[in-house]
Amino acid sequence: MSRDTGKLRFVDSNYSDLRDWLEQVDHLGELTAIRGADRDLEIPGIWEAVSREGRGIRPALLFDEIPGFSTGFRILFGQLESVRRLALTLRLNLDKADILSCVRACRDRLKQMVLVSPQKANDGPVMENVDTDGKVDLYKFPAPLHHDNDGGRYFGTGHCVISRDPDEGWVNLGTYRCMLFGQQSLGLHMSAGRDGRSMMNKYFSRGEPYKVAVAIGVDPALYLSSTMTIPWGTSEYDFAGGLKGNPIEVIEGPYTKLPIPASAEIVVEGECYPGDTQPEGPFGEWAGYYANNGLSPVLEPVMHVKTVLYRKNPILTCVQPAKPPSDLLKEGIFRSALIWDELEKAGVPNVRGVWCDLAGGTRLFNVVSIKQAYPGHSRQAGMIASQCGSGVYIGRYTVVVDDDIDVTDLQDVIWALSTRADPERSVEIIRRCRSSSADPAISPDLKATSHNPDDTFTSKAVIDACWPYEWKDRAFPVVQVKPELHDKIVKKWGKLLKLNGSVAQSE
Ligand SMILES: Cc1cc2nc3c(=O)[nH]c(=O)nc-3n(C[C@H](O)[C@H](O)[C@H](O)COP(=O)(O)O)c2cc1C
């Protein structure tokens, strides 16, 4: 692979598992090893500090020699939090390693993608250690305490929860946080409408146990797929295989008989029973708050663990939700690509960019740029982006801008919004839309009194910040130094003035 600062080219063969991927990340210069840090608050805090610096490369952090744990029992933070690591994961060749190029390349991949079913194997590295029954001990893994006010340690934050639909037989993977309830039990926090929860409800309505597996340290493309809203009925195994162009290798889980990733670092198998819940959380969330139920726990199903499979020297992959930007880059990039793809499939022409901004947790403030082609085009783009499958979850603000605006530059977006949009003509409010139990704008009173905190609504604003179609060709000229002069200036004076030449240009 090339390490040229601008272009990114992957010429070698694909990676085989997380460890192989980590070696390649190391070659890219994006992996930092840290020894001796404490798993409670310190390790997540170190990653949060790196993440908040925000600029430049945020390396993935691999922690070892964690006090109280066997050497080799490691923790990985920041897995997919760089354009280069995401490009490596999906083998994207980029001419410029910037966010929008990466979004565009992901969109291109989605357009051409063909689903690839997983490949069955009889054995795999995850079977190196198998603990069953009385030997099951989740405490041997360094599950961290992430934030001061969390209700406990979390075993699953950067992982996949695997289950099978009892009617249709397909297998879903979703990333739903798993609190460490005890030595042999975990809590599953699955919001209403999540595929895993819908499957669980089906089993429970028949009075049957819900068999489930939690896989940690899986192929990064599989992990990425499990964090994304893939249509009901499509397995994330097939989706990840399609993204990679290679099947994911699976073996049959000894207890659940579910397909589990053969080279995962850790897989925990077990089951949940109807009516069997325990207090779960609170846990710091992606929007930057404890918004689910304030600092009080919620009741969630208990997963009774029957087997634990793990590799020698297992790696616990973790994510630190916190006040943005936190761990949101992969979601920002991939969700933007999914919305872009859905817009095009819905017939919206001339989409030039989509960006689910990290400041809005990638779910609250989304921007679409278009080259306007007809009256109503900008409204169409905004309405569809705010309601399509990948944008519907809260999606409070959707801003549509002209194609001279860089959707990934908030300064540019706010400039367009405040200069080209007039609230009376430009803002559409859509009422009673999909919200979430994690929505911080729903009052604590409503959360406390509603029968189910997931049964709440939000309104949404679609802000058309494009020049009005009728006079867009007479729009006021932008005042800014011309690109040719800017380049000359950078050439002549850039060294003295430390200019990097990367000023965005408007047309
Ligand atoms: C790091 C991370 C943690 C997440 N935690 C949860 C969670 O605890 N509960 C939940 O319902 N969704 C959570 N999500 C969102 C889901 O993973 C995401 O919506 C996914 O599409 C769900 O899969 P499904 O569509 O198959 O249900 C999380 C996402 C990420 C990236």
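Residues numbered from 1 in each chain as written. Predicted model: local features only at pLDDT ≥ 70, side-chain atom pairs only at ≥ 80, totals over all residues.

### A word on the sheet that holds strand β18 (residues 351-356)
For step 1, the next point in the chain: One open sheet holds the five strands; their spatial order is β18-β19-β20-β22-β21, and the pairing between them is mixed. Of all the strands in the sheet, just β18 and β21 (427-434) have a single pairing partner and so form its edges. Averaged over all adjacent pairs, the angle separating strand axes in this sheet is 15°, with direction ignored.
For step 2, the next point in the chain: Two elements, strand β20 (residues 397-402) and strand β22 (residues 457-464), share four bridges in a ladder whose sense is parallel. Bridge pairing in β22 places Tyr397 opposite Ala461.
For step 3, the next point in the chain: Sitting on the sheet, helix α10 (residues 410-420) is in contact with β19 (365-370), β20 and β22, with an inclination near 85° to β20. (Pairing = 2+ DSSP bridges. Helix = DSSP H or I, 4+ residues; strand = E, 2+ residues; numbered from the N terminus. Axes fitted to C-alpha atoms, helices over the stretch in contact; angles between N-to-C directions. Contact = placed C-beta atoms within 7 Å.)

### Digging into the environment of Pro279
For step 1, the next point in the chain: Structurally, Pro279 can be placed in strand β15 (residues 277-280).
For step 2, the next point in the chain: Counting along the chain gives 149 residues from Pro279 to Glu428, while the straight-line C-alpha distance between them is 40 Å.
For step 3, the next point in the chain: With sequence-adjacent residues up to four places away left out, Pro279 is seen in contact with Pro297 and Leu299.

### Topic: the domain arrangement of the protein
For step 1, the next point in the chain: Once the domains are mapped, the protein shows domain 1 (18-103), domain 2 (119-318), domain 3 (329-474) and domain 4 (481-507).
For step 2, the next point in the chain: With 16 residues of domain 2 in contact, the opposing surface of domain 3 contributes 19 residues.
For step 3, the next point in the chain: A class-by-class count of the residues in the side of domain 2 that touches domain 3 yields eight nonpolar, seven polar and one charged. (Domains from an automatic or database assignment. Nonpolar A, V, L, I, M, F, W, Y, C, P; charged D, E, K, R; others polar.)

### Describing the nonpolar core
For step 1, the next point in the chain: Among the nonpolar cores identified, the biggest contains 133 residues, and Cys102, Val103, Leu186, Ala215 and Val401 are the most heavily contacted of them.
For step 2, the next point in the chain: No other element matches the eight residues that helix α8 (residues 329-345) contributes to this core.
For step 3, the next point in the chain: Beyond its immediate stretch of four places on either side in the chain, Cys102 contacts Val83, Leu86, Ala87, Leu92, Leu94 and Ile333. (Core = buried A, V, L, I, M, F, W, Y, C linked by C-beta atoms within 7 Å. Buried ≥ 20, exposed ≤ 12 C-beta atoms within 10 Å, placed from the backbone.)

### Describing the site of the ligand
For step 1, the next point in the chain: Neighbouring the ligand are 18 residues, the closest being Gly174, Thr175, Arg177, Ser191 and Arg194.
For step 2, the next point in the chain: Mapped onto the shell around the ligand, the elements with two or more residues apiece are β8 (171-174) and α5 (195-205).
For step 3, the next point in the chain: Its residues placed into classes, the shell around the ligand shows four nonpolar, ten polar and four charged. (Near = placed C-beta within 6 Å.)

### Overview of the pairing of strand β3 (residues 74-77)
For step 1, the next point in the chain: Along β3, one buried face is formed by Arg74 and Leu76 and the opposite face, lined by Ile75 and Phe77, is buried too.
For step 2, the next point in the chain: Taken together, the three bridges between strand β2 (residues 60-64) and β3 define a ladder with antiparallel strand orientation. Counted as the bridge partner of Leu62 is Leu76 from β3.
For step 3, the next point in the chain: Sheet analysis places β3 next to strand β17 (residues 315-318), joined by four bridges and oriented parallel. Its bridge partner lying in β17, Ile75 is registered against Leu316.

### Quick word on the packing of helix α3 (residues 83-90) against helix α4 (residues 99-112)
For step 1, the next point in the chain: With their axes 10 Å apart at the nearest point, α3 and α4 run at an angle of 20° to one another. Taken as axis vectors, α3 and α4 run roughly parallel relative to one another. Crossing geometry of α3 relative to α4 is assigned as left-handed. Packed against α3, whose contacting residues are Val83, Leu86, Ala87 and Leu90, the element α4 presents Ile99, Cys102, Cys106 and Arg109 at the interface.
For step 2, the next point in the chain: Residue classes in the contact of α3 with α4 are distributed as seven nonpolar, no polar and one charged. (Parallel < 35°, antiparallel > 145°, perpendicular 65-115°, else oblique. Left-handed = near helix turned anticlockwise from the far one by under 90°.)

### Focus on unusual backbone geometry
For step 1, the next point in the chain: A cis amide bond, omega 0°, links Gly281 with the succeeding residue Pro282.
For step 2, the next point in the chain: On the secondary structure map, Pro282 appears in the loop between β15 and β16 (298-310).
For step 3, the next point in the chain: Look at the link from Pro324 to Pro325: it is a cis peptide, with omega at 15°.
For step 4, the next point in the chain: Residue position: Pro325 is located in the loop between β17 and α8.
For step 5, the next point in the chain: Even without being a glycine, Glu65 presents a positive backbone phi close to 50°.
For step 6, the next point in the chain: By secondary structure assignment, the location of Glu65 is in the loop between β2 and β3.
For step 7, the next point in the chain: For Glu65, a count of 15 C-beta atoms within 10 Å translates into the label partly exposed.

### Focus: the sheet that holds β3
For step 1, the next point in the chain: Read from one edge of the open sheet, four strands run β1-β2-β3-β17, paired in mixed fashion. Bordering the open sheet on either side are β1 (31-35) and β17, each of which pairs with just one other strand. Within the sheet, the average angular offset between the axes of one strand and its neighbour, ignoring direction, is 25°.

### Details of α5
Count 3.6 residues to each turn of an α-helix, and residues three or four apart come out pointing the same way.
For step 1, the next point in the chain: Turning to α5, its buried residues are Asp195, Gly196, Arg197, Met199, Met200 and Tyr203.
For step 2, the next point in the chain: Note on α5: the residue one or two positions beyond its end, Gly207, has a positive phi of about 75°.

### A few points about the environment of Arg206
For step 1, the next point in the chain: Among the structural elements, Arg206 can be located in the loop between α5 and β11 (210-216).
For step 2, the next point in the chain: The class of Arg206 is exposed, set by 9 C-beta atoms lying within 10 Å.
For step 3, the next point in the chain: Along the backbone, Arg206 and Val268 are 62 residues apart, and their C-alpha atoms lie at a distance of 24 Å.

### A few points about helix α1 (residues 18-27)
For step 1, the next point in the chain: Along α1, the positions that sit buried rather than exposed are Leu18, Trp21, Leu22 and Val25. Each buried residue of α1 lies within a common arc of 100° when the element is viewed along its axis, so the set occupies one face.
For step 2, the next point in the chain: Buried positions along α1 lie against β1, β2, α3, α6 (220-226) and β17.
For step 3, the next point in the chain: Positive phi appears at Gly29, one or two residues downstream of α1, with a value of about 80°. (Arc of directions from axis to C-beta.)

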